[in-house]
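Tertiary structure, described
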Amino acid sequence: MDRPTSQETTLKLKNFHQNKEFQVQATISSHNDTYKLKFLVRGPTDFLLKDGILGDKNGFAIGLWEQCCFELFLSDGDKYLEWNCSRDNQWACFLFSDYRLKERDIVEAKRPKVEYTEGKEGLELKIQFDSLKEILPQPKSFQISCILKTNDDSHFFAIDHPNEKPDFHHADSFSNF
């Protein structure tokens, strides 16, 4: 059975370390072959490390999780995609054939559209992913996560944390569409 062509879900992401310094809400919506994410981060965002430590802006960059990184995972039950995005339009996409078994980098994927705003109460990041059916035709579940880095700490947010350490790849942290 095909999933509906249009849907939206909003979730409060859980901080692995139970620290209340930041709160993150994420909304995922899908329509046909397009997925949109919106992250609302509340807290002292002026203390977050700046992005762009990995090279050119607007380009494919491996290692985004070493800075502030916003992520989407999509799974069809066998394989899964991992998208990483930064506030300054750096991105990466990977296809995994099994748990943490990377099949390949998807450098030919269409670059996601990123809109970033920051204010006194926090930040908002919107990401749009297009043409995903070419890579993963029938996603059944998803994981939304982010890593917020300050000079002193790392904050790992996800739908759920089923392990004793942050692990966004764990199948038990995914939600069904």
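In the block above lies the structure referred to throughout.
First things first, this report covers the structure right here in the doc. Just so it is clear, the structure is predicted and the values come from calculations on it, not from any experiment.

1. Some details on the overall build of the protein
Scanning the protein for helices and strands turns up zero helices and twelve strands. Overall, the protein shows an N-to-C arrangement of helices and strands of β-β-β-β-β-β-β-β-β-β-β-β. Relative to the 2.2 N^0.38 estimate, which gives 16 Å for 177 residues, the radius of gyration of the protein is 15 Å and therefore close to what a compact globule would have. Across its three principal axes, the protein shows a C-alpha extent of roughly 45 × 35 × 30 Å. When each of the 177 residues of the protein is scored for burial, the buried share is 50%. A separation of at least 24 residues holds for 57% of the contacts in the protein among residues at least 6 apart in sequence. Carbon and sulfur atoms provide 46% of the accessible area of the protein, an area that totals close to 9,100 Å². Considering the protein, the positive charge centre built from 23 side chains and the negative charge centre built from 29 side chains are found 4 Å apart.

2. Description of the nonpolar core
Counting residues in each nonpolar core, the largest one holds 36 residues, and the members touching the most others are Phe39 and Ile144. For this core, the elements supplying multiple residues, two or more each, are strand S2 (23-31), strand S3 (34-42), strand S4 (69-75), strand S5 (80-85), strand S6 (91-98), strand S9 (122-129) and strand S10 (141-149). In terms of nonpolar packing, the next biggest core, distinct from the first, is built from eleven residues, Tyr80, Ile147, Phe168 and Phe174 among them.

3. Looking at the pattern of salt bridges
All chains considered together, the criterion is met by eight salt bridges. For the salt bridge of Glu108 with Arg104, the shortest nitrogen-to-oxygen distance reads 2.8 Å. Classification of Glu108 as exposed rests on a relative accessible area of 52%. Put simply, Lys110, Lys113 and Asp130 are held in one network by salt bridges that share partners.

4. Notes on the layout of surface pockets
Of the pockets and cavities examined, the largest pocket occupies roughly 260 Å³. Around the largest pocket, the lining comprises 15 residues; the ones closest to its centre are Trp65, Glu71, Glu82, Arg100 and His169. For the lining of the largest pocket, the secondary-structure elements that each account for two or more residues are S4 and S6. Of the residues contributing to the lining of the largest pocket, the split by class is nine nonpolar, one polar and five charged.

Calculation criteria
For every chain, the first residue of the written sequence is number 1, and numbering continues from 1 onward in sequence order. Local features in a predicted model are, by the rule used here, given only for residues with pLDDT of at least 70; side-chain atom pairs are given and counted only at 80 or more, and totals for whole chains, interfaces and linings are based on all residues. Excluded from the side-chain calculation are hydrogens and water; included are all heavy atoms of the structure. The numbering of helices and of strands both runs from the N terminus, where a helix is a DSSP run of H or I of at least 4 residues and a strand a run of E of at least 2. Two things to know: the radius of gyration comes from C-alpha atoms, and the globule rule equals 2.2 Å times the number of residues to the power 0.38. Relative accessibility decides the category of a residue: with a 1.4 Å probe and only protein chains considered, values under 20% of the type maximum give buried, values over 50% give exposed, and everything between is partly exposed. Only heavy atoms matter for contacts: two residues are in contact if any of them lie within 4.5 Å across the pair. Accessible surface is estimated by sampling points in the Shrake-Rupley manner with a 1.4 Å probe; for residues, cover comes only from the protein chains shown. For the purpose of charge, His is not counted, nor are the chain termini; Lys and Arg are scored as positive and Asp and Glu as negative. Lys charges are placed at NZ, Arg charges at CZ, Asp charges at CG and Glu charges at CD. By convention a nonpolar core is built from buried Ala, Val, Leu, Ile, Met, Phe, Trp, Tyr and Cys residues, the set being connected through side-chain atoms within 4.5 Å. One side-chain nitrogen of Lys or Arg within 4 Å of one carboxyl oxygen of Asp or Glu is enough to make a salt bridge. Lining residues are defined by having an atom within 4 Å of a point belonging to a cavity or pocket. Those points lie on a 1 Å grid over the protein atoms alone, cavities being sets where a 1.4 Å probe fits but cannot get out and pockets being open sets with protein on both sides within 12 Å along at least five of seven lines. Grid points are joined across faces, edges and corners, and a volume is the space filled by probe spheres set on the points. Under this grouping Gly is polar, as are all residues other than the nonpolar Ala, Val, Leu, Ile, Met, Phe, Trp, Tyr, Cys and Pro and the charged Asp, Glu, Lys and Arg.

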